[in-house]
Amino acid sequence: MSAKAAINKEVFVPHDEKMLAAVQVKRKTKKKIPFLATGGQGDYLTFICLAVTNKKPAHVTITKVKQFQGSSGFVKRSQWTIDQLRQVNGIDSDKDSPEFDLTFDNALDQWIAGSAGEKCTFVQILHHTCQRYIPMRKPEFVNCQSKLLGEVQAVDSVVVRCKVFMNRVRKDLVAHHSHLTRRGNSILHSAADSVTSAVQKASQALNERGERLGRAEERTADMMNSAEQFSVTAHKLAMKHKC
């Protein structure tokens with residue numbers, strides 16, 4: 001079993017994680033540790049591992065794993081979430097180089113990979129993972145060869161073109177909406193005018209009806225007054241003739 005397969009099995013699988021990539025590294029400036037966790041001094045191998053949880057939502061981590069001299073096991077040392085990664089520096093964008101730097105919120109690690117090929121594979125997978133799992137505030141990838149970022153750059157280009165197209169469509173829709181709004185306002189004004197006209201006609205009809213009722217009531221009152229006067233006159237004439 002290779003060292004990377006063993007790391008995945010011992011360090012990540014027990015925590016329901018899977019390792020996406022790993023690169024064996026050493027520091028550009030060797031950092032001596034006089035006292036190790038095992039209680040003695042000695043050399044060790046260092047691996048930078050990229051892993052993701054199997055459960056959703058996925059959590060991606062970058063973990064520093066060490067294997068101390070004389071031990072077959074692996075020890076998890078430092079760990080960062082992928083959101084804490086701020087910059088990946090490929091050192092040289094013109095040629096293959098085993099060197100790269102990782103800048104986190106609270107740390108800067110400068111590494112030399114076992115080979116330029118290992119470093120390139122790790123950076124390529126790391127870049128793809130960042131694009132997939134970080135929705136906002138993605139880390140910078142500087143001084144990296146275009147072949148490591150080309151696929152995503154092509155996708156980004158397509159995304160940009162899509163955004164331009166969508167903005168154009170949105171502007172057309174806004175203009176069309178304004179036209180529809182103006183037409184809608186015109187229709188509303190026409191409807192309002194129609195309603196106002198109808199109300200005015202109804203009011204006029206009611207007024208005319210009221211005038212006719214008023215005149216009828218006046219004629220009725222006149223007739224009642226005439227009838228009353230006729231009754232009084234008739235009564236007087238009757239009393240006169242009776243006498």
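A brief structural summary. Because the structure is a prediction, the values reported are computed rather than measured.

**Side note on the pairing of strand β2 (residues 44-53)**
Two faces, one strand: in a regular strand the side chains alternate between the faces of the sheet.
Next up, step 1: Here β2 lies mainly inside the structure; eight of its ten residues are buried.
Next up, step 2: When β2 meets strand β3 (residues 60-68), the two strands line up antiparallel, connected through nine bridges. Looking at the pairing, Leu45 lines up with Gln67 of β3.
Next up, step 3: Connecting the antiparallel pair β2 and β3 is a turn made up of six residues.

**Description of the nonpolar core**
Proteins that are soluble and globular tend to have nonpolar side chains buried together.
Next up, step 1: In this structure, Ile48, Leu85, Phe100, Leu102, Phe122, Leu126 and Phe141 are the most contacted members of the largest nonpolar core, which totals 27 residues.
Next up, step 2: Those elements that provide at least two residues to this core are β1 (17-27), β2, β3, β5 (85-89), β6 (99-104), β7 (108-113), α2 (116-133) and α3 (146-242).
Next up, step 3: Tallying contributions element by element places α2 first for this core, with five residues.
Next up, step 4: Apart from the residues within four sequence positions on either side, Phe122 is in contact with Ala21, Ala22, Val23, Ile48, Leu50 and Phe100.
Next up, step 5: Ranked by size, the runner-up nonpolar core spans eleven residues in total, among them Phe12, Met19, Phe47 and Cys49.

**Observations regarding the sheet that holds β6**
For sheets, the rule is that strands pair by backbone hydrogen bonds, running either parallel or antiparallel.
Next up, step 1: If you walk across this open sheet you meet the eight strands as β4-β3-β2-β1-β7-β6-β5-β8, and the pairing is mixed. Each edge of the open sheet carries a strand with a single partner, namely β4 (75-81) and β8 (140-142). Pairwise comparison of adjacent strand axes, ignoring direction, gives a mean angle of 30 degrees for this sheet.
Next up, step 2: Relative to β6, β5 runs antiparallel, the two sharing four bridges. Within β6, the residue paired with Leu85 across the bridge is Phe104.
Next up, step 3: Relative to the sheet, α2 contacts β1, β2, β3, β5, β6, β7 and β8, its axis offset from that of β1 by approximately 135 degrees.

**A short note on the environment of Asn106**
Next up, step 1: When you line up the elements, Asn106 lands in the loop between β6 and β7.
Next up, step 2: Of the residues examined, Asn106 reaches a relative accessible area of 61% and is grouped as exposed.

**Topic: the side chain of Gln145**
Next up, step 1: Along the chain, Gln145 falls in the loop between β8 and α3.
Next up, step 2: Discounting chain neighbours no more than four positions away, the residues touching Gln145 are Asp92, Ser93, Asp94, Lys95, Asp96 and Cys120.

Definitions and cut-offs
Residues numbered from 1 in each chain as written. Predicted model: local features only at pLDDT ≥ 70, side-chain atom pairs only at ≥ 80, totals over all residues. Heavy atoms only, no water. Buried < 20%, exposed > 50% of the residue type's maximum accessible area, 1.4 Å probe, protein only. Helix = DSSP H or I, 4+ residues; strand = E, 2+ residues; numbered from the N terminus. Pairing = 2+ DSSP bridges. Core = buried A, V, L, I, M, F, W, Y, C linked by side-chain atoms within 4.5 Å. Contact = heavy atoms within 4.5 Å. Axes fitted to C-alpha atoms, helices over the stretch in contact; angles between N-to-C directions.

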